[in-house]
Amino acid sequence: MKRIAIDAMGGDHAPQAIVEGVNQALADFSDIEVQLYGKEDAIKAHLTANERVSIIHTDEKIESDDEPAKAVRRKKTASMILAAQAVKEGQADAILSAGNTGALLAAGLFVIGRIKNIDRPGLMSTLPTVNGQGFDMLDLGANAENTAHHLHQYAILGAFYAQNVRGIDRPRVALLNNGTEASKGDPLRKEAYRLLMEDKHLNFIGNVEARDLLNGVADVVVADGFTGNAVLKTIEGTAQTIIQLLKTSIKDGGLKAKLGALLLKDSLYGLRQTLDYSEAGGAVLFGLKAPVLKSHGSSDAKAIYNTIKQIRTMLSTDVVGKSVQEFSERK
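Residues numbered from 1 in each chain as written. Predicted model: local features only at pLDDT ≥ 70, side-chain atom pairs only at ≥ 80, totals over all residues. Heavy atoms only, no water.

Asks: Can you explain the overall build of the protein chain? Please cite residues and give values.
Replies: Within the protein chain, the secondary structure is distributed over 12 helices and 11 strands. With 331 residues in all, the protein chain has 50% of them scored as buried. Counted over contacts in the protein chain with a minimum sequence separation of 6, partners at least 24 positions apart contribute 70%. (Helix = DSSP H or I, 4+ residues; strand = E, 2+ residues; numbered from the N terminus. Buried < 20%, exposed > 50% of the residue type's maximum accessible area, 1.4 Å probe, protein only. Contact = heavy atoms within 4.5 Å.)

Next comes the structure, spelled out in structure tokens:
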């Protein structure tokens, strides 16, 4: 049985969206148990499942504007901290939260702990591509600054994930840069390129530009946290803008536009699904000793469900356990 500790109070729509996603996951997956941490009465108001789920009550939560390190140190009974503690003590196998990203990273580092020989865990997510295959990208903002050595570690972690969770036999790994030529980039990118090229265990295909990411040019894309976060938010914003522009065009386009939209309903729905990053689940704080996943703060029940589904796959494939073994043996 796969045991998942969930911060029921994190996110813009907690606890309703969190609990509704849990209800659906428990109905679909018979091999998971869920521990919900938060205000019992608020959780019970939305909980319909009554098997393989437990509630651990606490009145304390970490707010979105709390300073991460201070919150982790001072709010010892916050829902997120108690969930992380359950993982550390072996009472749960993974943790999920839609709350404060910095606090979740701090809880992961201070409570759960990082993998031996991993310098800085990275935030990784599977982003959409036009061919529907998607690509894994990290770091997406766990660290504002990175070294070339960090980027090399992210490439190894990302390839591990793509191979074990997404079933890609030999993932194509690329470095995000301002040009595809090997000579492009600042000193960080040039040194990272050299390290990635020298690692014969990686299927490194060279540099890629941001404009090509959604075309499926790579299975794993490596970036420093500042750049990765900027790219992530650009992709999210662009996808939302495209959908909004389509809706406005149909609404303001008169009868012909509405008839055309009706005829293209299935195609438009497919486009929306392609651009919907929540379909792939949450972001993984990769490099920690257990699966730690962050759902978007605005996650609805579907996004929570898909993140639980993602955790289930990660536990089934033991991708974190394999990563622990791989890096523990490195010097």
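Anyway, onward from the coordinates.
Asks: Kindly report on the packing of aromatic side chains, identifying the contributing residues and their values.
Replies: In this structure the tally under the stated criterion is three aromatic pairs. Ring centres 5.6 Å apart and planes at 15° place the aromatic pair F29 and Y305 in the stacked group. Residue F29 is located in the loop between α1 (16–28) and β2 (32–38), and its partner Y305 is located in helix α11 (residues 301–317); the two are separated by 276 residues in the primary sequence. (Phe/Tyr/Trp six-rings, centres within 6.5 Å; stacked < 30°, edge-to-face > 60°.)

Asks: So what's going on with the side chain of T129? Residues and values would help.
Replies: Tracing the chain through its elements places T129 in the loop between β5 (122–127) and β6 (135–138). With a relative accessible area of 2%, T129 lands in the buried category. A distance of 2.8 Å separates a polar atom in the side chain of T129 from the backbone nitrogen of G134. (Polar contact = N/O pair within 3.5 Å; in protein donor to acceptor, adjacent residues only side chain to side chain.)

Asks: Residue-level account of the pairing of β6, with values.
Replies: Alternating residues of β6 divide into F135 and M137 and D136 and L138, and every residue in both groups is buried. Pairing geometry for β5 and β6, over three bridges, is antiparallel. Bridge pairing in β6 links T126 to D136. Pairing analysis gives three bridges linking β6 to strand β9 (residues 220–222), with the strands arranged parallel. Looking at β9, one finds that M137 is bridged to V221. (Pairing = 2+ DSSP bridges.)

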